[in-house]
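Listed below are the residues making up each chain.
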Amino acid sequence: MDRNERLQQLIRSNRLRELKADLSSWNPADVASFLEQLDGERRLLVFRVLPKDLAAAAFAYLPPEMEEQIVSAISDAEVGQVMDRLFTDDAVNFLEEVPANVVLRALRSVDKDTRERITRFLNYPKNSAGSLMTAEFIELHDRLTAREALDVVRREGSRMETVDVVYTIDDTRRLTGALRLFDLIRAREGLALRDIKRDQPVAAKTLEDQEDVARAFRRYDLTQMPVVDGEGRLVGIITADDVMDVIQQENTEDMERMAAMAPSEKPYLKTSPFALAKKRIVWLLVLMISATFTGGIINGFQEVLSSVVVLAAFIPMLMDTGGNCGSQSSTLVIRGLALGEIRPRDALRVLNKELAVSLLCGAALAAVNFGRILLFEPQTGAAVALAVSLSLLVTVMVSKCLGGLLPIAAKAVHLDPAVMASPLITTVVDAVSLLVYFGFARAILGI
């Protein structure tokens, strides 16, 4: 019998004391996973059985809808106990996802200081560094001695989210430095913090976008980062676990936009068919209507197709190859933009690189295609093979350049580059490839 089955048996037999003893040794994330497996009544029962600190820690790992269900079912006193034990960033994340009536009830259940702290964080724009930070960190005046600083860490450390690094401030609360706990322990007891060697930390501004914060974490290999206001005063810290959530969220949004869908905050299996359809239908309509331009181009060249019917057989190959080439380039450029490796000012460099790559790829594809037609479809003729192959070369070059430049253009006008991904680029490239194809056919075949 595995441990989940044992716990289920304890719940069925109402052996709550044993249940509490077993769960007390679990990691909060594992407790949350177990709670997700239970139905509403049993989930509430187990949540109430948990030690208060463990209940609050597990609560932070639950999906928003389950958090809302629990808060709606428990008493105001119990809500207050949970909110008081949550780290500020977890409390803010919860309150940002639930209806206003739940927010009001939760805020009324906590003490004045906690309520003011949480409200202050809720006022920061969503997806900013301010909304991401936590207030549970250790700040020390830089005139304190190492011994005094360690006394503060011992006294307050258990209430903080992390004490790996402590931050020093001056009389105006401006951030003056950061000290690893290890360096603080090694320092002479009477030495002032301002005299202990320390690094000036990389800091985020409260209104800075969370994607920029995540890039800074990656670039400087950080586990936490201080957050300062417009005047350089220390107001909070951001920890690595919050940045991991940001990276997952942003990657998910980019993947959904690249597939021509509006981003969704709910897991797939917990989203209704109507909600999923609503997220997809707008882009599908846009792409369907834009595809009518492709049909219009084909209708406009009916006389060319009537004269040489075999030309129609190569249209799918040209359009598919162009779309695939554009998707390759856009995927690499979107990734480069997301990682900060490519910036809008690099547009000319990207164009030069894509021109070189597309010329090599296009020439190889055109040569292979020309030989394939002559070898396997000799009745088609060399002139048609040449028209198709030249069209393929130009299509590859145009699609790769568009795939590289459109995401940069989107970034330059403050749109998400992921919008300029495969579906949209494929639609544009389809129209361009047909115009190029029929142009070459007319010129080479004399139609």
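Structure: above.
Reference entry: report on the structure contained in this document.

A closer look at the overall build of the chain
Right, on to step 1. On a plain count of helices and strands, the chain comes out with 21 helices and six strands.
Right, on to step 2. For 447 residues, the compact-globule estimate of 2.2 N^0.38 gives 22 Å, and the C-alpha radius of gyration of the chain, at 30 Å, exceeds that figure by more than 25%.
Right, on to step 3. Taken over the C-alpha atoms alone, the chain extends approximately 90 × 60 × 40 Å along its principal axes.
Right, on to step 4. Taking contacts inside the chain between residues at least 6 apart in sequence as the whole, the part at least 24 apart equals 67%.
Right, on to step 5. Of the side-chain charges in the chain, 51 are positive and 59 negative, and the distance between the mean point of each set is 1 Å.

So, a negative patch on the surface
Right, on to step 1. Taken together, the side chains of Asp84, Asp111, Asp113 and Glu116 present a region of like negative charge at the surface.
Right, on to step 2. Among the secondary structure elements, Asp111 is positioned in the loop between α9 (100–108) and α10 (112–122).

Quick notes on the pattern of salt bridges
Right, on to step 1. Counting across every chain of the model gives 20 salt bridges.
Right, on to step 2. Its salt-bridge partner being Asp183, residue Arg186 comes within 3.5 Å of it at the nearest N-O pair. Linking Arg186 with Asp183, this pair stays in helix α13 (residues 181–186), spanning three residues, or about one helical turn.
Right, on to step 3. The class of Asp183 is buried, set by a relative accessible area of 15%.
Right, on to step 4. With its nearest N and O atoms 3.7 Å apart, the salt bridge here joins Arg349 to Asp346.
Right, on to step 5. Connected through salt bridges with shared partners, the residues Arg6, Arg15, Glu18 and Asp22 form a single ionic network.

Scoring rules and cut-offs
- Residues numbered from 1 in each chain as written.
- Predicted model: local features only at pLDDT ≥ 70, side-chain atom pairs only at ≥ 80, totals over all residues.
- Heavy atoms only, no water.
- Helix = DSSP H or I, 4+ residues; strand = E, 2+ residues; numbered from the N terminus.
- Rg over C-alpha atoms; globule rule 2.2 N^0.38 Å.
- Contact = heavy atoms within 4.5 Å.
- Lys, Arg positive; Asp, Glu negative; His and termini not counted.
- Charge placed at Lys NZ, Arg CZ, Asp CG, Glu CD.
- Patch = residues over 30% accessible without salt bridge, like charges linked within 9 Å, V, L, I, M, F, W, Y side chains within 5 Å.
- Areas by Shrake-Rupley, 256 points an atom, 1.4 Å probe, with all protein chains shown as cover.
- Salt bridge = Lys/Arg side-chain N within 4 Å of Asp/Glu carboxyl O.
- Buried < 20%, exposed > 50% of the residue type's maximum accessible area, 1.4 Å probe, protein only.

Geometry only, nothing functional implied.
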